[in-house]
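Chain by chain, the residues:
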Amino acid sequence: MRYVMVQIPKTPAPASSATRSVPTSADVARLAGVSRATVSYVLNNTSAVRISEPTRRRVHEAAKELGYVPHAAARSLRAGHSRMVLMPAPSFPIGSLYGQFLSDLQLALGRLDYTVVQHGSVGLHGDEAARAWAELRPVAVLVSGCGLGPKGVTVLKRSGARAVVSLGPESVEGAHALLMDYEAVGHCAGSHLYARGRRRIGVVVPAEQGLESFSAPRLEGVRRALVGTDATVTELPLAYEEEPAARLAARWRDLGLDAVFAYNDEYAMLLMRAFQDAGVRVPTDVAVIGADDLMLGRLLRPRLSTVHIELPSGRDLAELVDRAVRNPGTAPETHKVLGATVVQRESS
């Protein structure tokens, strides 16, 4: 057997990224033919100085060509605070409606030149979580649900946070508050089912952890709507899985219930499928209503009745954050938000 020696030519190693110079604002200024101050004004969206549109374009094109991005820490030192808005990642499964609201909020804050950072503080709660958030030195913190207390607000403010905003059923001392009246959602659902002639009403309470601050007020809202009537309310714990829903549907006739408020549209759709498999007819045997008014509910047959929830706009909340950042000494604002109205369809 013959062997042939083959020499593989050496290829030059790529230049190390460590030796490659990092572009600076001075480089951008030279390429764009402007001063470093103009580069700073353009890239930091400074509104106090008027810069012509052609100049803005040249600066942005030069920065893009060089791969230059502003240094966030340096900008924070100049401004005396960061532009970071921290949003702790929810510890509970958020639905489509709330997820869209958070996306709109992040977009609106971005338009106001804030950087939104989600913090996954897994296993941290209350004041302990607030200390972890404070380490990042955000200029504002938006906390959904509950768990943050007055001590946590103080920790955040002492670390430099100019605005702390809570979104939930209760206000927190020292923080701006958007109060979500989840009882109103349950009240709408209970009143609707009673008006449709239903008297033995079940209310789905999700078994998933973290949803108690949403589900408990909705259950209480149904009970409040039916006080003084001849109707009864039965609590129905349910995990968001097919098997538990099938078990509940299988014993539905034994429960003697003629209606169900299924917490939201997703649980309602899960339960309606289980009812169909078990031979329980909707709405003949049981009226069903959800909440959130998701489009999928309109595609079901029968179409799903629901409670339409009106959340605050992302733009309005972003403007509240910006106002609080610019005026940190003002008293905390409290706004009652979240409108609820019934959308009646065939399922009820």
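Conventions and cut-offs
Residues numbered from 1 in each chain as written. Predicted model: local features only at pLDDT ≥ 70, side-chain atom pairs only at ≥ 80, totals over all residues. Heavy atoms only, no water. Pairing = 2+ DSSP bridges. Helix = DSSP H or I, 4+ residues; strand = E, 2+ residues; numbered from the N terminus. Axes fitted to C-alpha atoms, helices over the stretch in contact; angles between N-to-C directions. Contact = heavy atoms within 4.5 Å. Buried < 20%, exposed > 50% of the residue type's maximum accessible area, 1.4 Å probe, protein only.

Engineer: Sorry if this is basic, but what is going on with the sheet that holds strand β8 (residues 259–261) here?
Structural biologist: Think of a sheet as strands paired side by side through backbone hydrogen bonds, with each pair either parallel or antiparallel. Ordered in space as β7-β6-β8-β9, the four strands form an open sheet in which the pairing is parallel. Edge positions in the open sheet fall to β7 (232–238) and β9 (287–289), since each of these has one partner strand only. Pairs of neighbouring strands in the sheet enclose a mean axial angle of 25 degrees, with direction left out of account. Looking at chain direction, β8 and β9 are connected through three bridges and run parallel. Its bridge partner lying in β9, Ala259 is registered against Ala287.

Engineer: When you look at the side chain of Arg218 in this model, what are you seeing that I'm missing?
Structural biologist: Among the secondary structure elements, Arg218 is positioned in helix α9 (residues 212–225). Discounting chain neighbours no more than four positions away, the residues touching Arg218 are Tyr182, Val185, Gly186, Phe261, Tyr263, Asn264, Ala291, Asp292 and Ile309.

Engineer: What's the story with the environment of Gly314 in this structure? I'm lost.
Structural biologist: Along the chain, Gly314 falls in helix α14 (residues 314–326). Judged by relative accessible area, Gly314 falls into the buried class, the value being 7%. C-alpha of Gly314 to C-alpha of Leu109: the two residues are 205 residues apart in sequence and 8.2 Å apart in space. Residues in contact with Gly314, not counting those within four places in the same chain, are Phe101, Asp104, Leu105 and Ala108.

Engineer: Whenever I open this one, the sheet that holds strand β1 (residues 84–88) confuses me. Can you help?
Structural biologist: Reading across from one edge, β2-β1-β3-β4-β5-β11 is the order of the six strands in this open sheet, with parallel pairing throughout. Either end of the sheet is taken by a strand with one partner, and the two such strands are β2 (115–119) and β11 (334–337). With direction set aside, neighbouring strand axes in the sheet form an average angle of 15 degrees. Sheet topology places strand β4 (residues 163–168) next to strand β5 (residues 176–180); four bridges connect them, and they run parallel. Considered in β5, the bridge of Gly168 is made with Leu179. Of the strands in this sheet, β1, β2, β3 (140–144) and β4 are in contact with helix α5 (residues 96–111), which crosses β1 at around 170 degrees.

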